[in-house]
Number of protein chains: 2
Amino acid sequence: MEKFTIKDIAKLGEVSTATVSNFLNGNYAKMSATTRERLANIISKTDYHPSTTARNLAKNENKTIGISVADITNPFTSPVISGLSERCEKYGYKMVFTNSNNDERREVENINRLREEEVAGLIIDPVNPDSSIYNQLSNAYTVIVDRQARRNVVDTIVTDNMNSVDTMVKKMVAKGYDDLYFVSWPLDGVSTRLNRYAGFKLATNYLNDDHLITVPYNTSLNKSSDFDQTLENILANKGDKKIGFFTMNSRTLLQLLKSAQRLNYNYAEDFGVATYEEFEWMQLMNPGISCVRQDSFAIGCAAMDLLKEKLETQYDNEPEPQVKLIPTDLIVRDSF
Amino acid sequence: MEKFTIKDIAKLGEVSTATVSNFLNGNYAKMSATTRERLANIISKTDYHPSTTARNLAKNENKTIGISVADITNPFTSPVISGLSERCEKYGYKMVFTNSNNDERREVENINRLREEEVAGLIIDPVNPDSSIYNQLSNAYTVIVDRQARRNVVDTIVTDNMNSVDTMVKKMVAKGYDDLYFVSWPLDGVSTRLNRYAGFKLATNYLNDDHLITVPYNTSLNKSSDFDQTLENILANKGDKKIGFFTMNSRTLLQLLKSAQRLNYNYAEDFGVATYEEFEWMQLMNPGISCVRQDSFAIGCAAMDLLKEKLETQYDNEPEPQVKLIPTDLIVRDSF
DNA sequence: CTGTTAGCGCATTCAC
DNA sequence: GTGAATGCGCTAACAG
């Protein structure tokens with residue numbers, strides 16, 4: 001938006017462009033104190049600032065990372081971006097940002113565009129972590145966040161699903177619940193669900209899947225469903241037993257809550273409940289709902305930390321992909 | 001991340017770099033069909049892609065816009081970004097993104113950094129719209145979103161506060177409410193609040209401020225407050241009158257709801273209520289809460305539309321700053 | 001139709 | 001301590 005170049009200020013300072021360049025890069029050893037001061041003056045007066053484009057070209061480096069998020073609108077991705085942005089600033093990277101709006105095709109376009117921009121690295125919040133497109137990405141300059149592939153080919157940072165469920169459900173066990181149930185969308189080999197369920201089994205020591213309740217992915221909240229039936233079966237026959245549920249996310253929690261409402265059961269009173277994911281309304285409800293709050297900010301930070309580290313080391317061959325687990329916060333309220 | 005340059009593929013194609021450049025830019029008229037095909041082949045085989053940096057330098061243009069958001073974590077900014085990203089893609093811009101985390105100092109840094117990147121334009125979701133720092137920005141290449149300054153110096157896109165409140169409150173009036181109250185944080189000259197209140201007065205025809213209830217900015221939701229008192233005064237003495245409240249945002253709504261709960265009044269039953277802002281829990285509550293849903297996505301779109309238009313026209317002197325209002329959706333549920 | 005050439009703004013030897 | 005020269009990868013005349 002300006003017009004001054006390094007030449008202009010070289011002329012004004014009556015020095016060569018090289019000296020100016022040195023000044024700009026802090027190589028003050030290579031000039032007299034007087035020219036240094038003169039340059040400082042001129043530059044501040046002209047509000048000249050070097051062209052990053054030109055500099056990138058000359059140095060053949062580009063301190064920017066490309067970001068592709070599946071869905072900016074998802075409440076869990078904002079904190080991730082916040083963490084990324086924090087670290088980018090800290091490390092002197094700028095971030096160019098793309099949103100795929102849950103569209104795999106668009107994600108591919110975004111990633112390709114990002115690569116053409118010659119970004120130094122890539123951070124991807126994948127639409128479908130099991131897609132094959134990530135195979136083309138080198139693990140040397142990319143990291144995946146938030147969603148874990150069944151077989152991951154690049155480093156990924158995700159919330160510690162298994163352990164958080166384990167410790168939360170252990171708290172329920174400790175309160176003397178006789179029967180605990182895990183309410184989930186169909187497992188379908190999705191790693192998030194599998195890992196959360198694994199945590200549940202770990203805490204409860206259930207050996208088979210008798211305590212796994214599955215609800216279809218897209219059931220209406222406001223119509224009675226099969227789930228009403230199984231809930232009624234459990235609750236009507238519970239006798240003196242304490243019954244508890246752990247729901248794998250907020251949607252299944254709502255499913256449970258709505259069903260219970262239809263059947264005239266109250267949570268906390270007639271049964272205990274805790275859930276993965278935190279939303280504001282869980283705190284507003286009365287009694288408040290215990291939940292696992294994932295630390296998305298930390299995921300963003302860790303992702304950029306990892307990426308920076310990878311970018312700074314020279315690999316003779318691609319590093320083995322790892323997955324790093326980020327611990328969660330357990331929010332215990334009065335729902336169990 | 002690659003190594004092929006235009007020279008390499010020129011050599012491979014046994015043509016000059018100029019021809020390759022023409023090919024890349026779609027100037028197929030300037031070459032024979034055979035060389036065109038040959039080039040296409042070679043390029044696809046080598047997975048060569050031109051350096052955007054070099055291209056930007058050569059063309060002295062930079063199809064990127066800089067974005068500075070006050071707080072990525074605010075649920076209303078995600079849709080704005082979504083809209084921006086939509087339009088950026090459409091118009092062929094890429095976006096470099098910064099987050100200020102509600103810190104004015106950081107915002108200044110971000111904006112300066114963005115300008116140094118030689119972005120073509122700037123879109124700013126301001127931390128404090130009344131800050132003086134926006135005075136330094138030319139209206140020729142920047143637009144502000146979401147928050148309106150008292151005296152705005154650059155084009156601004158905001159939600160249509162006044163008209164949405166007006167039409168929502170008119171719906172309450174139509175339902176025969178005898179007394180309507182506007183619950184708000186102290187007006188304090190903040191344009192958002194002023195405009196919403198103006199809409200309220202427009203709908204109710206109240207001439208003075210007797211129906212404005214002010215609650216301090218930072219009162220705890222869970223302790224009884226002065227507000228409890230004034231609410232009790234109104235509700236205890238209402239007689240046969242229908243009483244309604246319009247709250248200026250979700251926080252003041254919660255204030256109202258919690259106070260009512262403490263005083264054993266029920267909304268919808270003992271009084272009517274509607275609010276600015278929509279959150280998921282308003283839909284979950286029973287009865288659902290009527291609210292004004294601002295179309296943040298549209299704000300993002302409009303902002304980028306405007307910016308693009310400005311970028312493409314040559315101004316002899318800076319254009320007069322305008323403010324554009326984005327209409328909202330009125331969600332009527334059962335709370336009044 | 002194709003090649004030559006001169007920049008774009010800056011960084012970096014290598015002389016002086 | 002300083003400056004001229006060269007190149008980063010590409011574009012845009014201008015010749016041929």
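Residues numbered from 1 in each chain as written. Chains lettered and ligands numbered in written order. Predicted model: local features only at pLDDT ≥ 70, side-chain atom pairs only at ≥ 80, totals over all residues. Heavy atoms only, no water.

As recorded in an unreviewed UniProt entry, chain A goes by the name LacI family DNA-binding transcriptional regulator, listed as coming from Levilactobacillus fujinensis.

Chemist: So what's going on with the overall build of chain A? Which residues, and what values?
Modeler: Looking only at helices and strands, chain A has 12 helices and 12 strands in total. Expressed along its principal axes, the backbone C-alpha trace of chain A runs to roughly 95 × 40 × 35 Å. Every one of the 336 residues in chain A was classed for burial, and the buried ones make up 51%. Taking all contacts inside chain A whose residues are at least 6 apart in sequence as the whole, residues at least 24 apart take part in 70%. Per element, the accessible surface of chain A, about 15,700 Å² overall, is 46% carbon and sulfur. Positive and negative side-chain charges in chain A, numbering 38 and 45 respectively, have mean positions lying 5 Å apart. (Helix = DSSP H or I, 4+ residues; strand = E, 2+ residues; numbered from the N terminus. Buried < 20%, exposed > 50% of the residue type's maximum accessible area, 1.4 Å probe, protein only. Contact = heavy atoms within 4.5 Å. Areas by Shrake-Rupley, 256 points an atom, 1.4 Å probe, with all protein chains shown as cover. Lys, Arg positive; Asp, Glu negative; His and termini not counted. Charge placed at Lys NZ, Arg CZ, Asp CG, Glu CD.)

Chemist: Please provide a residue-by-residue account of the protein's contact with DNA strand C, values included.
Modeler: If you check the shell around DNA strand C, you find 25 residues, and the closest are A:Ile6, A:Arg55, B:Ser16, B:Lys30 and B:Ser32. A share of 70% of the atoms of DNA strand C within 4 Å of the protein falls on sugar and phosphate groups. A:Ile6 is positioned such that a nitrogen or oxygen atom in its backbone is 2.4 Å from a phosphate oxygen of DNA strand C. In this structure, A:Ser21 approaches DNA strand C through a side-chain N or O atom, which is 3.0 Å from a phosphate oxygen. The dominant element in the surface near DNA strand C, judged by the number of residues it contributes, is helix H4 (residues 52–59) of chain A, at four residues. When its residues are assigned to classes, the surface near DNA strand C shows 12 nonpolar, eight polar and five charged. (Near = heavy atom within 4 Å. Polar contact = N/O pair within 3.5 Å; in protein donor to acceptor, adjacent residues only side chain to side chain. Nonpolar A, V, L, I, M, F, W, Y, C, P; charged D, E, K, R; others polar.)

Chemist: Please give an account of the packing of aromatic side chains that cites residues and values.
Modeler: The tally for this structure, following the rule as stated, stands at 23 aromatic pairs over all chains. Consider the rings of B:Tyr197 and B:Phe200, whose centres lie 6.2 Å apart with planes at 15°: the pair is stacked. Separated by three residues within a single helix, B:Tyr197 and B:Phe200 lie in helix H8 (residues 191–204), roughly one turn from each other. Counting every residue linked through ring pairs, the aromatic cluster contains A:Phe182, A:Tyr197, A:Phe200, A:Tyr206 and A:Phe246. (Phe/Tyr/Trp six-rings, centres within 6.5 Å; stacked < 30°, edge-to-face > 60°.)

Chemist: Summarise the pairing of strand E6 (residues 179–184) of chain A; cite the residues concerned and give the values.
Modeler: Residues and elements named next belong to chain A. Among the six residues that make up E6, six are buried, leaving the element largely enclosed by the rest of the structure. Residue alternation in E6 divides its side chains into two sets, Asp179, Tyr181 and Val183 and Leu180, Phe182 and Ser184, and both sets are buried. Here E6 runs beside strand E8 (residues 243–247); their pairing, made up of five bridges, is parallel. Note on E8: the bridge partner recorded for leucine 180 is glycine 244. In the sheet, E6 pairs with strand E7 (residues 212–214) via three bridges, with the strands oriented parallel. Across the sheet, the residue bridging to serine 184 is threonine 214, located in E7. Handedness of the crossover is the feature at issue here: the chain leaves E6, passes through helix H8 (residues 191–204), returns alongside E7, and the resulting connection is right-handed. (Pairing = 2+ DSSP bridges. Right-handed = clockwise from strand over helix to strand, strands pointing away.)

Chemist: So what's going on with the protein's contact with DNA strand D? Which residues, and what values?
Modeler: Among the 24 residues in the neighbourhood of DNA strand D, the closest are listed as A:Ser16, A:Ser32, B:Ile6, B:Tyr48 and B:Arg55. When the atoms of DNA strand D within 4 Å of the protein are sorted by group, sugar and phosphate make up 73%. Backbone polar atom of A:Ala29 to a phosphate oxygen of DNA strand D: 3.2 Å apart, as the coordinates give it. B:Arg55 has a polar side-chain atom sitting 2.5 Å from a phosphate oxygen of DNA strand D. Put simply, the parts of the chain that give the surface near DNA strand D at least two residues each are helix H2 (17–24) and H4 of chain A together with helix H2 (17–24) and helix H4 (52–59) of chain B. By residue number, the principal contributor to the surface near DNA strand D is H4(B), which donates four residues. Residue composition of the surface near DNA strand D, grouped by class: 12 nonpolar, eight polar and four charged.

Chemist: Would you mind going over the pairing of strand E2 (residues 94–99) of chain A in detail, with residue names and values included?
Modeler: A regular strand carries its side chains on alternate faces of the sheet. Residue and element names in this part refer to chain A. By the criterion of burial, E2 is predominantly enclosed, with six of the six residues buried. Residues Lys94, Val96 and Thr98 point to one face of E2 and Met95, Phe97 and Asn99 to the other, with burial holding for every one of them. Examined bridge by bridge, strand E1 (residues 64–69) and E2 share six bridges and lie parallel to one another. Bridged to glycine 66 within E2 is valine 96. As a crossover connection, the stretch from E1 through helix H5 (residues 77–91) into E2 is right-handed.

Chemist: Account for the UniProt feature "domain: HTH lacI-type" (unreviewed entry) in chain A, with residues named and values stated.
Modeler: The positions that UniProt labels "domain: HTH lacI-type" (unreviewed entry) are, in the present scheme, residues 4–59 of chain A. Taken as a whole, residues 4–59 of chain A contains 68% helix and 0% strand, while its terminal C-alpha atoms sit 20 Å from one another. (UniProt positions renumbered as here; feature names shortened; annotations may be inferred.)

Chemist: Quick rundown of the environment of B:Thr167? Include the residues and the values.
Modeler: With respect to the element layout, B:Thr167 can be found in helix H7 (residues 161–174). On a C-alpha basis, the gap between B:Thr167 and B:Leu330 in space is 8.5 Å, while along the polypeptide they are 163 residues apart.

Chemist: Account for the interface of chain A and chain B, naming residues and giving values.
Modeler: In this complex, chain A contributes 44 residues to the contact, which on the side of chain B involves 44 residues. Buried surface at the junction of chain A and chain B, both sides included, amounts to about 4,000 Å², of which 51% is carbon and sulfur. Across the chain A-chain B interface, the total number found is 10 salt bridges. Measuring nitrogen to oxygen at the nearest pair gives 2.7 Å for the salt bridge that ties B:Arg251 to A:Glu280. Here chain A is connected to chain B by 20 residue pairs in polar contact (both at pLDDT 80 or more). Elements with a contribution of two residues or more to the side of chain A that touches chain B: H4, H5, E2, helix H6 (104–116), helix H10 (250–262) and helix H11 (280–284) of chain A. A per-class count over the side of chain A that touches chain B returns 16 nonpolar, 14 polar and 14 charged. In this sheet, strand E2 (residues 94–99) of chain B lies alongside E2(A) in antiparallel orientation, the contact comprising three bridges. (Buried area = accessible area lost by both parts, 1.4 Å probe. Salt bridge = Lys/Arg side-chain N within 4 Å of Asp/Glu carboxyl O.)

Chemist: Could you give an account of the packing of H2(A) against helix H3 (residues 33–46) of chain A, with specific residues and numbers?
Modeler: Residues and elements named next belong to chain A. Between H2 and H3, the shortest axis-to-axis distance is 11 Å and the interhelical angle comes to 80°. Here H2 is positioned roughly perpendicular relative to H3, judged by the angle of their axes. Between H2 and H3, the residues in contact are Thr19, Val20, Phe23 and Leu24 and Arg36, Leu39, Ala40 and Ile43, respectively. Considering only residue class, the contact of H2 with H3 consists of six nonpolar, one polar and one charged. (Axes fitted to C-alpha atoms, helices over the stretch in contact; angles between N-to-C directions. Parallel < 35°, antiparallel > 145°, perpendicular 65-115°, else oblique.)

Chemist: Pulling in residues and values, what's your account of helix H9 (residues 226–236) of chain A?
Modeler: Residue and element names in this part refer to chain A. Those residues of H9 lying buried are Phe227, Asp228, Leu231, Ile234 and Leu235. For H9, the angular spread of buried residues about the axis comes to 130°, placing them on one side. Summarising the contacts, the buried residues of H9 are in contact with E6, E7, E8 and H10. (Arc of directions from axis to C-beta.)

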